Amino acid sequence: MRVLHTRDDLRFLDELKRKRPLVLVPTMGALHEGHLSLVREAERYGAVVATIFVNPTQFGPGEDYDAYPRDLESDLERLRPLNVEAVFAPPVSLMYPEGSGVSIQPGSRGLGLCGGDRPGHFAGVLTVVAKLFGLTRPEIAVFGRKDAQQCLVIDQMVRDLEFPVRLIDAPTIREGDGLAMSSRNRYLDAEERSRALCLSQALREAERLVAGGERSAGKVRQRMWDHLSPADEIRYAEIRSVPDLQEPERMEGRILLAVSAQVGPARLIDNLVLEISDDAVREGSLLGDGER
Ligand code: PAF
């Protein structure tokens, strides 16, 4: 596994591309089992290159940019046993050199949810992802479905701006009790960790309601909201269509259940994609053609 820091180091990727498609797994480090599952998904498609960069432009004022865990050595230790050909960990000066000023604004999919709650967040995400794509030129890139809106906003960028890259959304990895894995879970103490379970429970409760025949988006949304009461602050509990992230009145077709809440020091998100037909409700994917 090669560790690359500079633009010159990236020449190594040309060697990799001669043999197999290059598959990018962008991360901000603080790697956990969820990230490792993205790498395992990526391995199926070609030579895996993971990136580790805590991107300043996607954090708003007062958010946790300074506190965000950074430990490159322990991240590399976690990646070494996997089939990762290279890790690209650039400095801020390479990603945002003096004089750079262009940023990519999200389209309609960036409205509401985290886009509403964290102004500027998706412009930061798109700008850094576009820069990573430009520097590494992957054929395929893998993102976690847990960041559902992020996946769909990046998908819109790739389509609208004709980036020659195929996107894959990999399933959310959960702890045994249902908590979605997140680098921010490490901010939680034991009591907060137990209250944080309300996010995944709200989603499962909504899924049960839909499986029982409820099709009113308003009623399902209310049920999620009620189950989030252990959180310190509910940021949102929303029902959206996939992939366009419009607000449907009825629970039909491919639907995203999305929740976000503040628990102690951590702003957490979770979500679930459902494929809903008249006679069946099952879990779906964001970017694929259906069930996964
Ligand atoms: O999902 C993340 O870790 C980040 O938003 C990403 C895609 C690596 C961009 O900084």
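Located above this text is the structure these notes cover.
Since the structure is predicted, the reported quantities are computational estimates derived from the model, not experimental observations.

S.K.: Sorry, what's going on with the side chain of Q156 here?
M.R.: With respect to the helices, strands and loops of the structure, Q156 is situated in helix α7 (residues 148-160). Taking relative accessible area as the criterion, Q156 reaches 14% and is therefore assigned buried. Filtering out sequence-adjacent residues up to four positions away, Q156 remains in contact with G107, S108 and R109.

S.K.: I would appreciate a short explanation of the nonpolar core in the present structure.
M.R.: Side chains of a nonpolar character, in soluble globular proteins, are inclined to be buried together. With 45 residues, the main nonpolar core has L13, F133, I154 and L256 as its most contacted residues. When residues of this core are assigned to their parent elements, the largest contribution, nine residues, is made by helix α6 (residues 121-136). When residues no more than four places from it in sequence are discounted, the contact partners of I154 are V125, L126, V129, F143 and L167. Grouped together as the second largest cluster of nonpolar side chains are 29 residues, A206, V210, A231 and V259 included.

S.K.: Honestly, the pattern of salt bridges in this entry has me stumped. Any pointers?
M.R.: When their charged atoms lie close together, side chains carrying opposite charge are able to pair. Tallied over the entire structure, the rule returns 27 salt bridges. The partner of R145 in a salt bridge is D169, with the nearest N and O atoms 2.7 Å apart. Of this pair, R145 sits in the loop between β5 (140-144) and α7 while D169 sits in strand β6 (residues 166-170), and the two are 24 residues apart along the sequence. Put simply, R109, D155, R159 and D244 are held in one network by salt bridges that share partners.

S.K.: What am I meant to see in the sheet that holds strand β9 (residues 266-276) here?
M.R.: Consider a sheet: its strands pair through backbone hydrogen bonds, and that pairing is either parallel or antiparallel. On the basis of which strands lie adjacent, the open sheet formed by four strands has the order β7-β8-β9-β10 and antiparallel pairing. On the outer flanks of this sheet lie β7 (233-241) and β10 (281-283), each paired with one strand and no other. Along the sheet, successive strands turn relative to each other by an average axial angle of 25°, direction set aside. For β7 and strand β8 (residues 253-263), the ladder comprises eight bridges, and the chain directions are antiparallel.

S.K.: Explain the packing of aromatic side chains here, please?
M.R.: The geometry of an aromatic ring pair is captured by two quantities: the separation of the ring centres and the angle between the planes. Throughout the structure, instances matching the rule amount to four aromatic pairs. A centroid spacing of 5.7 Å and a plane angle of 70° characterise the contact between F59 and Y68, whose relative ring orientation is edge-to-face. Note on accessibility: F59 and Y68 belong to one class, buried. Aromatic ring contacts, followed pair by pair, group F59, Y65 and Y68 into a single cluster. Taking NZ or CZ as reference, R70 lies 4.7 Å from the ring centre of Y65, over its face.

S.K.: What is the right way to look at the environment of V48 in this model?
M.R.: Relative to the assigned elements, V48 resides in strand β3 (residues 47-52). On the basis of relative accessibility, which here comes to 0%, the residue V48 falls in the buried class. Measuring from C-alpha to C-alpha, the distance between V48 and V281 comes to 34 Å, with 233 residues separating the pair along the chain. Ignoring sequence-local partners within four residues, the contact set of V48 consists of V23, V25, V39, A42, E43, N83, V84, E85 and A86.

About the cut-offs
The residue numbers shown here count from 1 along each chain, following its written sequence. Side-chain atom pairs in this predicted model are given and counted only at pLDDT of 80 or more, local residue features only at pLDDT of at least 70, and totals for whole chains, interfaces and linings cover all residues. Heavy atoms throughout the structure, all of them, feed into the side-chain values; hydrogens and water do not. Each helix is a run of H or I in the DSSP string that is no shorter than four residues. Each strand is a run of E no shorter than two, and both are numbered from the N terminus. Per-residue accessibility, obtained with a 1.4 Å probe over protein chains only, is compared with the maximum for each type, and a residue is labelled buried under 20%, exposed over 50%, and partly exposed between these values. Working rule for contacts: check all heavy atoms of both residues, and any pair within 4.5 Å makes them a contact. The nonpolar core is taken to be a set of buried Ala, Val, Leu, Ile, Met, Phe, Trp, Tyr and Cys residues, with the residues joined through side-chain atoms within 4.5 Å. Criterion for a salt bridge: a side-chain nitrogen of Lys or Arg within 4 Å of a carboxyl oxygen of Asp or Glu. Note: two strands are recorded as paired if DSSP finds a minimum of 2 bridges between them. Note on method: axes are straight lines fitted to C-alpha atoms, helices fitted across the in-contact stretch only, with angles between N-to-C directions ranging 0 to 180 degrees. Any two of the Phe, Tyr and Trp rings considered here, Trp counted by its six-membered ring, make a pair once their centres fall within 6.5 Å; the pair's planes then place it as stacked at under 30 degrees, edge-to-face at over 60, or tilted in between. Only when the NZ atom of a Lys or the CZ atom of an Arg is both within 6 Å of the ring centre and within 35 degrees of the ring normal do we say a charge sits over the ring.

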